[in-house]
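Each chain, letter by letter, is given below.
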Amino acid sequence: MTTHGLAHLRPSLRWTGWTSVLLSALVLAPAPIAAQEHDHDDPDHPLREAMSVLEFREVGPTIMSGRVSDLAVNEANPSNFYVGTASAGVWRTDNMGISFEPIFTDQATASVGDVTLAPSNPNVLWVGSGEPQNRQSSPWGNGVYRTVDGGKTWSHLGLEDTHHISRIQVHPADPDVAYVAAMGHLWGPNEMRGVFRTTDGGESWEKVLYVDEHTGTIDLMMDPNDPSTLFAAMYQRQRTAWGFNGGGPGSGIWRSYDGGDSWTELTEGLPEGDKGRIGLAIYPGNSDYIYAIVEADARAPGEGFDEPRMNGVYRSWDRGDTWEMTSDTNNRPMYYSQIRVDPKDPQRIYLGGANGYRSSDGGYSFTADATDGVHLDHHAWWINPANPDHQVLGSDGGVSITRDRSDNWVQLRDLPV
């Protein structure tokens, strides 16, 4: 650590004169080699007494936290919400983020892809392990967990070989009915990919949507007005030690009208050819209004090589039957591809990215100023359905909150991830 670095840490570490002297003695005056070889066996070594007065204590974070993969907010009491992280488990707050409590510390994995509250019972929380990002540093998980007491105790519910879970949807009236969107292995093919359904609280699972061993489900939406209607975004991808293949013919959007028993791929108006990662959003005021952010290299039929690619934001006004491209905005799709719609205004759209994007005209134009003042790289975005001015954001630097519809944010600096 350099002197420059220590200067930044002094307010937290509270260096004192005797501490500096002691540390200098430890660093600059090592014991003779013979003594060093037997330090661990000598209970009377003078350094043992010196070290016994030192105690570890938490001194950070001071300016940022770590990567947040998902958020689950209790809509009946938004002061209570849960934070899923890429490599530090799940955290709970009951005071709007003034303090956080770790509740996922005794499990076999610390990587979380999704956290979802049962709408009918806020004590029932589902966790899909393994963050779904495509980074070479993305750790994998070992399936699905559930708590029925707000995080005091957990049950592991299987699906171990899914590795990366991107989304869980829970039936609004029955907390035992849930759908899991699984990406499968990042580093190779496997068959534990697609959409899995349980009707008995995770005691048994049925794979209800599957494309192939290279294609998983990266997003999953349930119609808030009709839980039998589901939309799934399929994503073909595989990372290797020398590169990353982030797309293919397996990628696309699928819809089910019967709770997952049967599915239809939606193609009218969407890019032809290979596609990559796709994010989905449904406007709760009218379920016919659906938005998608689509990664694609395809061009419309008849377009020349110099024409713009059909990579960007799409919307459907007929529940996915047909789609219209509204914008080519799509910042680093393999890492983000998050799209949200204001619960009270179908023209107000938000996109995750290095910066947050927002639109007030239905996605035809965006400005990259929705998350000014907070840490970059936004993966989770919750908008209060009762008051859209209130939003909670999860990024590579932790959690932030706005009370004025994304004009200003407060970054919470007390989540020690």
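What you see is a predicted model; the values in this text were computed from it and never measured.

Let's shift gears to the overall build of the protein. Scanning the protein from terminus to terminus reveals 4 helices and 29 strands. A total of 417 residues make up the protein; the buried ones form 53% of that total. Pairs at least 24 apart in sequence give 50% of the contacts found in the protein among residues at least 6 apart. When the accessible surface of the protein is totalled, it reaches about 18,500 Å², and 51% of it is carbon and sulfur.

Once that is clear, we can look at the sheet that holds strand 23 (residues 339-342). Spatially, 3 strands are ordered 23-24-25 in an open sheet, and the strand pairing comes out antiparallel. At either margin of the open sheet sits one strand with a lone partner, and together these are strand 23 and strand 25 (357-359). Geometrically, the sheet is characterised by an average inter-axis angle of 25° between neighbouring strands, direction not taken into account. Relative to strand 24 (residues 345-351), strand 23 runs antiparallel, the two sharing 4 bridges. For R340, the partnering residue across the bridge sits in strand 24 and is Y350.

Here Y336 shows up in the loop between strand 22 (324-327) and strand 23. C-alpha separation for the pair Y336 and L351, spaced 15 residues apart in sequence, amounts to 8.5 Å. Each residue touching Y336, except ones within four places of it in the same chain, is listed here: R277, N331, G352, G353, A354, D377, H378 and H379. A polar contact is formed between the side chain of Y336 and the side chain of D377, at a distance of 2.3 Å.

This brings us to the packing of aromatic side chains. Inspection of the entire model under this criterion finds 10 aromatic pairs. A centroid spacing of 6.0 Å and a plane angle of 70° characterise the contact between F81 and F100, whose relative ring orientation is edge-to-face. Here F81 is found in strand 2 (residues 81-85), whereas its partner F100 is found in the loop between strand 3 (90-93) and strand 4 (101-102), with 19 residues between them in sequence. For the ring pair Y350 and W381, a centre distance of 5.1 Å and an interplane angle of 45° mean the geometry is tilted. Here the residue Y350 occupies a position in strand 24, and W381 occupies one in strand 26 (residues 378-383), the gap between them amounting to 31 residues. The buried category is assigned to W381, whose relative accessible area is 7%. Three or more aromatic residues joined by ring pairs form one cluster here, namely Y283, Y289, Y291 and W317. Residue placement shows R315 over the ring face of W317; its charged tip is 4.2 Å from the ring centre.

Reading fine detail from the predicted coordinates is not recommended where pLDDT is low. Scored by pLDDT, the protein comes out at a mean of 89, with 87% of its residues at no less than 70. When the criterion is pLDDT under 50, residues 1-29 qualifies, and its contacts beyond four places in sequence or with other chains add up to 20 contacts.

What follows concerns the pattern of salt bridges. In the structure shown here, the tally under the stated rule is 15 salt bridges. E324 is the salt-bridge partner of R315, the closest N and O atoms lying 3.6 Å from each other. A relative accessible area of 34% means that E324 is categorised as partly exposed. Residue D345 pairs with R405 through a salt bridge whose shortest N-O separation is 3.3 Å.

On the surface, L47, M51, V53 and L54 cluster together into a nonpolar patch covering about 320 Å² of accessible area. Following the sequence through the fold, M51 ends up in helix 4 (residues 46-51). For M51, a relative accessible area of 43% corresponds to the partly exposed category.

This next bit is on the sheet that holds strand 13 (residues 215-222). Spatially, the 4 strands line up as an open sheet ordered 13-14-17-18, and their pairing is antiparallel. In the strand order of this sheet, the two ends are held by strand 13 and strand 18 (264-266), each with one partner. Strand-to-strand twist across the sheet, computed as the mean angle between neighbouring axes with direction ignored, equals 30°. In this sheet, strand 18 lies alongside strand 17 (residues 252-256) in antiparallel orientation, the contact comprising 3 bridges. Among the inter-strand pairings, R255 is bridged to a residue of strand 18, identified as T264.

Along the polypeptide, Y235 turns up in strand 14 (residues 230-236). For Y235 and G248, which are 13 residues apart along the polypeptide, the C-alpha to C-alpha distance reads 7.9 Å.

Tracing the sequence through the fold places T198 in strand 11 (residues 194-198). The buried category is assigned to T198, whose relative accessible area is 1%. At 2.9 Å, the side chain of T198 and the backbone oxygen of S204 are in polar contact. Dropping the residues within four chain positions of it, T198 is found in contact with W126, D176, V177, A178, E203, S204 and W205.

This part is about the pairing of strand 24. The two faces of a sheet get side chains in turn, since along a regular strand they alternate between them. Of all 7 residues in strand 24, 5 are buried, a share of seventy percent or more. Taking the residues between adjacent antiparallel strands as the criterion, strand 23 and strand 24 are bridged by 2 residues. Between the antiparallel neighbours strand 24 and strand 25 lie 5 residues.

Moving on to unusual backbone geometry. A positive phi angle, near 65°, is found at H163, a position not held by glycine. Counting through the fold element by element, H163 comes out in the loop between strand 8 (155-156) and strand 9 (165-170). Looking at H163, the relative accessible area reads 13%, which means it is buried. Residues other than glycine seldom take positive phi values, yet S406 does so here, at roughly 85°. Looking at the secondary structure, you find S406 in the loop between strand 28 (398-402) and strand 29 (410-412).

About the thresholds
- Residues numbered from 1 in each chain as written.
- Predicted model: local features only at pLDDT ≥ 70, side-chain atom pairs only at ≥ 80, totals over all residues.
- Heavy atoms only, no water.
- Helix = DSSP H or I, 4+ residues; strand = E, 2+ residues; numbered from the N terminus.
- Buried < 20%, exposed > 50% of the residue type's maximum accessible area, 1.4 Å probe, protein only.
- Contact = heavy atoms within 4.5 Å.
- Areas by Shrake-Rupley, 256 points an atom, 1.4 Å probe, with all protein chains shown as cover.
- Pairing = 2+ DSSP bridges.
- Axes fitted to C-alpha atoms, helices over the stretch in contact; angles between N-to-C directions.
- Polar contact = N/O pair within 3.5 Å; in protein donor to acceptor, adjacent residues only side chain to side chain.
- Phe/Tyr/Trp six-rings, centres within 6.5 Å; stacked < 30°, edge-to-face > 60°.
- Lys NZ or Arg CZ within 6 Å of the ring centre and 35° of its normal.
- pLDDT = per-residue confidence, 0-100.
- Salt bridge = Lys/Arg side-chain N within 4 Å of Asp/Glu carboxyl O.
- Patch = residues over 30% accessible without salt bridge, like charges linked within 9 Å, V, L, I, M, F, W, Y side chains within 5 Å.

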